[in-house]
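# A structural walkthrough
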Amino acid sequence: SFSYQEGHGAYISWPSCSEKNKQRVKKILEEPTLKKTGHNIKYDLHVFQNAGIALAGIAFDSMVGAYVLNPGGRSYGLDTLAFNEFGYQKISIESLIGSGKKQISMADVPVEKVSPYACEDADFAWRLYELFLRRLKESTLY
C-alpha cells in the first residue's frame, strides 16, 4: 500500500498484479531519487528483498521519528501512534486474521478486506511522517 497525501492510499494486490505492472512498481521502489517513507520501514525492506526488490531512497521512518521525539514512550506501533496523535482507531489486524489457533494468513484474507486495512496503514504512516518531520524541524533534533 502507498500514500503520498493525507486521507489517500492505494493498495496493490501483488499476487494478482500483471508482470508488466510489477516491473513498473519495482522500478519506482528501486529508484533512489524517489524518496520513500514508512513506519518500521526496516520490515518493509526485508519484505521487498524477499520479493526480489531492492528498496532504495529511504528517507524517513516514522517509528524511529516517534522514538527520537519521545524516547521514553511505551509503544511506537502504528496503531498506537495513530490513536495517540490523531485520535483515530485503526482497523486491527486481528479483525482480519484472527488470533490464536484460529488465526489465518493475510494471504487468505479477501482483497476487499485487506485493501482498506493496508491503505489505512499507508495513510497514517504518511500522516505521522509529516507530523514528526515538522516536530523534528521545530526542535534541535533535526
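The structure under discussion appears in the preceding block.
Overview of the structure. Everything numeric in this text was worked out from a predicted model, so none of it was measured.

Parameters and conventions
- Every residue gets a number counted from 1 within its own chain, in the order that chain's sequence is written.
- Predicted model: local features are reported for residues with pLDDT of at least 70 only, side-chain atom pairs are reported and counted for 80 or more only, and whole-chain, interface and lining totals are derived from all residues.
- The side-chain quantities take in all heavy atoms of the structure and omit both hydrogens and water.
- Working definition: rings of Phe, Tyr and Trp (its six-membered ring) pair if their centres are within 6.5 Å, and the pair is stacked with planes under 30 degrees apart, edge-to-face with planes over 60 apart, and tilted otherwise.
- The buried label goes to any residue with under 20% of its type's maximum accessible area, the exposed label to any with over 50%, and the partly exposed label to all in between, with areas taken from a 1.4 Å probe on protein chains only.
- Either the NZ atom of lysine or the CZ atom of arginine qualifies as a charge over a ring when it sits within 6 Å of the ring centre and within 35 degrees of the ring normal.
- For our purposes a nonpolar core is just a set of buried Ala, Val, Leu, Ile, Met, Phe, Trp, Tyr and Cys residues, chained together by side-chain atoms within 4.5 Å.
- Secondary structure elements are defined from DSSP: runs of H or I of at least 4 residues count as helices, runs of E of at least 2 residues count as strands, and each element is numbered from the N terminus.
- Whether two residues are in contact is decided by their heavy atoms, any of which lying within 4.5 Å being enough.
- The span one expects for a helix is its residue count, reduced by one, times 1.5 Å.
- This arc is built from the directions going out from the helix axis to the C-beta atoms.
- Two N or O atoms form a polar contact when they lie within 3.5 Å of each other; inside protein one atom must be a possible hydrogen donor and the other a possible acceptor, and for residues adjacent in sequence the pair counts only when both atoms belong to side chains.

### Observations concerning the packing of aromatic side chains
One pass over the structure, following the stated rule, counts five aromatic pairs. Centroid distance Y67 to Y76: 5.7 Å. Interplanar angle 75 degrees. Geometry classified as edge-to-face. A residue is classified by how much of its surface remains accessible, and Y67, at 43% relative accessible area, is partly exposed. It is R127 that lies over the ring of F124; its NZ or CZ is 4.4 Å from the centre.

### Concerning the nonpolar core
F60, A66, L81, L128, Y129 and F132 are the most contacted members of the largest nonpolar core, which totals 14 residues. Of all the secondary structure elements, the ones that give two or more residues to this core are α4 (78-86) and α6 (111-138). Counting residues per element, this core draws most heavily on α6, which supplies eight residues. Residues contacting L81, with those up to four places away along its chain left out, are H39, A66, S75, Y76, F86, L128 and F132.

### Digging into helix α1 (residues 19-30)
A rise of 1.5 Å per residue sets the reference length of α1, with its twelve residues, at 16 Å; its end C-alpha atoms lie 16 Å apart and thus fit the reference within 8%. Of all the residues in α1, the buried ones are K22, V25 and L29. The buried residues of α1 occupy one face: seen down the axis, they fall within an arc of 65 degrees. When the buried face of α1 is taken as reference, the exposed residues oriented beyond 90 degrees from it are K20 and K27. Contacts from the buried residues of α1 go to β1 (36-38) and α2 (41-50).

### What about the side chain of E120?
Here E120 shows up in helix α6. A polar contact of 2.6 Å, which involves the side chain of E120, links it to the side chain of Y88. Within the local environment of E120, its side chain forms a polar contact with the backbone nitrogen of I91, the two atoms lying 2.6 Å apart. In this structure E120 touches Y88, K90 and I91, once residues within four positions along its chain are discounted.

None of this, on its own, says anything about what the molecule does.
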